[in-house]
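One letter stands for each residue in the lines below.
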Amino acid sequence: MKYLLKNGTLVSGERSEKLDVLIEDEKIAAVGEALEADGAEVIDVSGKLLFPGFIDGHTHFDLEVAGTVTADDFESGTRAALAGGTTLVIDFASQDKGGHTLKEGLEKWHKKADGKCSCDYSFHMSIVEWNEETEREIQDMIDEGITSFKLYMTYPAMIVDDCDLYKIIKKLNEHGCFAGVHCENAGVIDALIAEAKAAGRFGPENHPLVRPDTMEAEAVHRLLVIAKEAGAPVMVVHLTNEKAYREIMIARENGQKVFAETCPQYLLLDDSVYSRPDFDGAKFVCAPPIRKKEDQDCLWKALAAEEIQTVATDQCSFTLEQKAMGREDFTKIPGGLPGVQTRGTLLYTYGVREGRITQEQMCRLLSENAAKLYGVYPRKGAIREGSDADIVVFDPEKQSVISAETHVYNTDNNPFEGFALHGGIDKVFLRGNLAVEDGEVVKEKLGRYVKRGKKQI
Ligand code: DUC
Ligand code: ZN
C-alpha cells in the first residue's frame, strides 16, 4: 500500500518543516517538497504535525503484582498505546528468583505478548539473580535483540544487592549494554512501613511518607557511586524528584554517563492525591510515589534543559477492585498507574502548549532519544527515507478531556481523569498500516517483536 501525506509539518528532534511523506509498504520511501506518486492514496494533512511513532521504553503489561495481575495485558495495553501514538513499547521481561534463567523469563514474556500486540514490542530483561549462568546468558539476550536490562534496588522478589549491582553493570558495559535501575532504599522504606503500622497508620496517605524522596535520592547516589567504580553508564528510571535529580547532575559533573527517564504522573500530579477522601488516593499508589509541586517544576526544567532523555509511562494498571485489596493496609495496594494512551497528548498540552518544552524536544523525549538509547535508530524514531513508516499524525487543535468512561484501558479509573487535552492523535501509521483513524484503533494486532541493537547515545 502507498500513502502520500501532503502538506503536513514534519517534526524531528532538530526542526519542524513543511514536507510531504511517501509511504510504500512498511517503509518511508521519500520525504520532500511537493512529492507526487502514482498509485498512492493521497492524504491531506494540512495543519497537522507529523511525529515519528512514539516509543514507550517503560511498560508493564500482564504483570503479577501483590497477588494480582495488571488489568491491562499486551492486547488491551498495546491497543491503548497505539491509540495514543505509541508504535513501539519496550516491556520488562523478568527472570524469576530461585535458580531460573533469563531465557525462561524471555520465553514467558513472549508467551504473554506474541500475537497479541497492536503496536510493535520489544523487551528489556530484568536480572534478579547474578551467577555464572546469568553472566553467560547476557550474550544470548543480545542475540535475541535485548540490549537493555533492568535492576531493582527495592522489592524483595527483584532486589539485587550492591555487590551484584556492581558486577552486573560492569559486565553489561563490557557488552556495550546498560541497565535502567529502580532506585529506592529498600531497608529504610521497610523501617518506615513498620513505624507507620505500629502507629496504626494504614491509609494510602502514608504511601508517600514511607517512600520519601530522600530514600530515592540515596539510592540514586549509591547507584551512581557504584557505577563510577564500575566505569559503567546507567539509567535512572522513573526519576521523580529534585534531590535525586541533583545526584545525577553531580555524577555528570564528575564525568559519568547517566541517562534519566521520567513519567507524566511525576510531571503533572502532586502528592496531595494521596490524601483524597474515600480511599481515592489508592488510585495513585505507585513506586516511587508522586512527589511535590517543586519536584514537578524541577523535572520540567530538566526536560527543557535536556538533562532528562526520555518520558516513558511505567504503565502498570489496576482496577479499583484490585486497588481495594489494600483498603485495610496501604502496603497491599497493587502499585502502578495506566498511562500509555495519554503520554503524547499530555506532554503536548502541558509541555509544548504551555511553553515548557518545544515540539522538537517533545519529539526527542518521546521518540528520537528512546530510539537511540534502545538501539533502534533510525529504523524507529525518525521520519526519513528507509525508516519504518511509524508516523503519528497529530492534530494540534483537537480538544478532549481524559475520562475512564472513554479511555481504551481495561481499568475503571484514570489518574488523569478530568485533565483537558489540547492536541490529539488523528492518525497513526504502524509500519505503513493506517492503524488509527480519527483517534480510533482501526487495525489491531499488527505488532511485531523488535530485535534491538546496542545504544547509540
Ligand atoms: N512501580 C510501580 O508502581 N509499579 C510497577 C513497577 C514499579 O516499579
Ligand atoms: Zn516500572
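About the criteria used
Residues numbered from 1 in each chain as written. Chains lettered and ligands numbered in written order. Predicted model: local features only at pLDDT ≥ 70, side-chain atom pairs only at ≥ 80, totals over all residues. Heavy atoms only, no water. Helix = DSSP H or I, 4+ residues; strand = E, 2+ residues; numbered from the N terminus. Buried < 20%, exposed > 50% of the residue type's maximum accessible area, 1.4 Å probe, protein only. Polar contact = N/O pair within 3.5 Å; in protein donor to acceptor, adjacent residues only side chain to side chain. Contact = heavy atoms within 4.5 Å. Donors = N, O, S within 2.8 Å, 3.2 Å for Na, K, Ca; no water. Axes fitted to C-alpha atoms, helices over the stretch in contact; angles between N-to-C directions. Parallel < 35°, antiparallel > 145°, perpendicular 65-115°, else oblique. Left-handed = near helix turned anticlockwise from the far one by under 90°. Near = heavy atom within 4 Å. Areas by Shrake-Rupley, 256 points an atom, 1.4 Å probe, with all protein chains shown as cover. 1 Å grid on protein atoms, 1.4 Å probe; cavity = no way out; pocket = protein on both sides within 12 Å on 5 of 7 lines; lining within 4 Å. Sits in = over half its atoms within 2 Å of the grid points. Nonpolar A, V, L, I, M, F, W, Y, C, P; charged D, E, K, R; others polar. Points joined across faces, edges and corners; volume = space filled by probe spheres on them. Pairing = 2+ DSSP bridges. Phe/Tyr/Trp six-rings, centres within 6.5 Å; stacked < 30°, edge-to-face > 60°. Domains from an automatic or database assignment. Buried area = accessible area lost by both parts, 1.4 Å probe. Salt bridge = Lys/Arg side-chain N within 4 Å of Asp/Glu carboxyl O.

Caption draft 1: The side chain of aspartate 426, seen in detail. Note on placement: aspartate 426 falls in strand β19 (residues 420-430). Note on aspartate 426: relative accessible area 11%, which makes it buried. In this structure the side chain of aspartate 426 is engaged in a polar contact, spanning 3.4 Å, whose partner is the side chain of lysine 427. For aspartate 426, the contacting residues outside a window of four places in its chain are Lys48, Val393, Asp395, Lys398, Val436, Glu437, Asp438 and Gly439.

Caption draft 2: Quick look at the coordination of the zinc ion (ligand 2). The coordination sphere of the zinc ion (ligand 2) contains the protein donors His58 (NE2), His60 (NE2) and Asp314 (OD), at a distance range of 2.0 to 2.2 Å. Every donor residue of the zinc ion (ligand 2) comes from the same chain, spaced as H-x1-H-x253-D. Of this pair, histidine 58 sits in strand β8 (residues 54-59) while aspartate 314 sits in the loop between β17 (310-311) and α11 (320-323), and the two are 256 residues apart along the sequence. In this structure histidine 58 comes out as buried when scored by relative accessible area, which is 0%.

Caption draft 3: Representation of the environment of arginine 276 in the model. Take arginine 276: it is sitting in the loop between α9 (264-268) and α10 (293-304). A C-alpha to C-alpha distance of 8.1 Å links arginine 276 and glutamate 205, two positions 71 residues apart in sequence. Excluding residues within four positions of it along the chain, arginine 276 makes contact with Gly281 and Phe284. Polar contacts involving the side chain of arginine 276 include one to the side chain of aspartate 280, which spans 3.4 Å.

Caption draft 4: Representation of the packing of helix α7 (residues 213-230) against helix α8 (residues 242-253) in the model. One can describe the packing of α7 onto α8 by two numbers: an axis separation of 7 Å at closest approach and a directional angle of 20°. By the angle between their directions, the pair α7 and α8 is classed as roughly parallel. Seen along the crossing, α7 lies across α8 with a hand that is right-handed. Seen from α7, the contacting residues are Asp213, Thr214, Glu216, Ala217, Val220, His221 and Leu224; seen from α8, they are Lys243, Ala244, Glu247, Ile248 and Ala251.

Caption draft 5: View of the site of ligand 1. All residues adjacent to ligand 1 are His60, Tyr155, His182, His238, Cys286, Ala287, Asp314, Cys316, Gly335 and Gly336. Coverage of ligand 1 by the protein chains reaches 95% of its 240 Å² of free accessible surface. Its atoms largely coinciding with the cavity grid, ligand 1 occupies the largest pocket. Residue classes in the shell around ligand 1 are distributed as four nonpolar, five polar and one charged.

Caption draft 6: Inspection of the layout of surface pockets at higher detail. Put simply, the largest pocket is a space of about 1,100 Å³. Residue lining of the largest pocket: 45 residues in total, with Val65, Ala66, Tyr155, Pro156 and Met158 positioned closest to the centre. Secondary-structure elements contributing two or more residues to the lining of the largest pocket are β9 (64-65), β11 (86-94), α2 (102-113), β13 (148-152), α5 (186-198) and α6 (207-210). In terms of residue count, α5 provides more of the lining of the largest pocket than any other element does, five residues in total. Class assignment for the residues of the lining of the largest pocket results in 22 nonpolar, twelve polar and eleven charged. The computed volume of the second largest pocket comes to approximately 480 Å³.

Caption draft 7: View of the sheet that holds strand β4 (residues 20-24). Spatial ordering of the open sheet is given by β5-β4-β1-β6, a layout of four strands whose pairing is mixed. Taken across any chain shown, the strands that pair with only one partner, and hence form the sheet edges, are β5 (27-32) and β6 (41-44). In this sheet, neighbouring strand axes are inclined to one another by 20° on average, regardless of whether the strands run parallel or antiparallel. Sheet topology note: the strand β1 (residues 2-6)/β4 ladder contains four bridges and is antiparallel. The residue bridging tyrosine 3 from the neighbouring strand is isoleucine 23, located in β4.

Caption draft 8: Representation of the packing of aromatic side chains in the model. Enumeration over the complete set of coordinates arrives at 14 aromatic pairs. Ring centres of phenylalanine 123 and tyrosine 449 lie 5.6 Å apart, and the angle between their planes is 35°; on these two criteria the pair is classed as tilted. On the criterion of sequence distance, the pair formed by phenylalanine 123 in strand β12 (residues 120-126) and tyrosine 449 in the segment after β21 (440-441) is long-range, its members being 326 residues apart. On the basis of relative accessibility, which here comes to 0%, the residue phenylalanine 123 falls in the buried class.

Caption draft 9: Molecular detail of the domain arrangement of the chain. The domain boundaries assigned to the chain delineate domain 1 (2-51 + 382-398 + 419-441) and domain 2 (53-373). The C-alpha-based centres of domain 1 and domain 2 are spaced at 30 Å. Taken together, the contact between domain 1 and domain 2 spans 29 residues of the former and 25 residues of the latter. Across the domain 1 to domain 2 interface the summed buried area is about 2,200 Å²; carbon plus sulfur atoms make up 65%. It is Gly13, Phe51 and Phe419 in domain 1 that bury the most area against domain 2; as a group they hold 25% of the surface buried on that side. Between domain 1 and domain 2 we count two salt bridges in total. The shortest N-O distance in the salt bridge between arginine 431 and aspartate 120 comes to 2.7 Å. Only β7 (49-52), β18 (391-401), β19 and β20 (433-437) provide two or more residues apiece to the side of domain 1 that touches domain 2. Of the residues belonging to the side of domain 1 that touches domain 2, the class tally is 17 nonpolar, seven polar and five charged.

Caption draft 10: Looking closely at unusual backbone geometry. For the peptide bond that leads from alanine 287 to proline 288, omega is -5°, which places it in the cis range. By the element assignment, proline 288 lies in the loop between α9 and α10. Note the cis peptide between tyrosine 377 and proline 378, where omega equals 0°. Even without being a glycine, aspartate 278 presents a positive backbone phi close to 60°. Among the structural elements, aspartate 278 can be located in the loop between α9 and α10. Positive phi, normally seen in glycine, also occurs at glutamate 306, with a value near 60°. You can see glutamate 306 is positioned in the loop between α10 and β17. Taking the relative accessible area as the measure of exposure, glutamate 306 reaches 36% and is therefore partly exposed.

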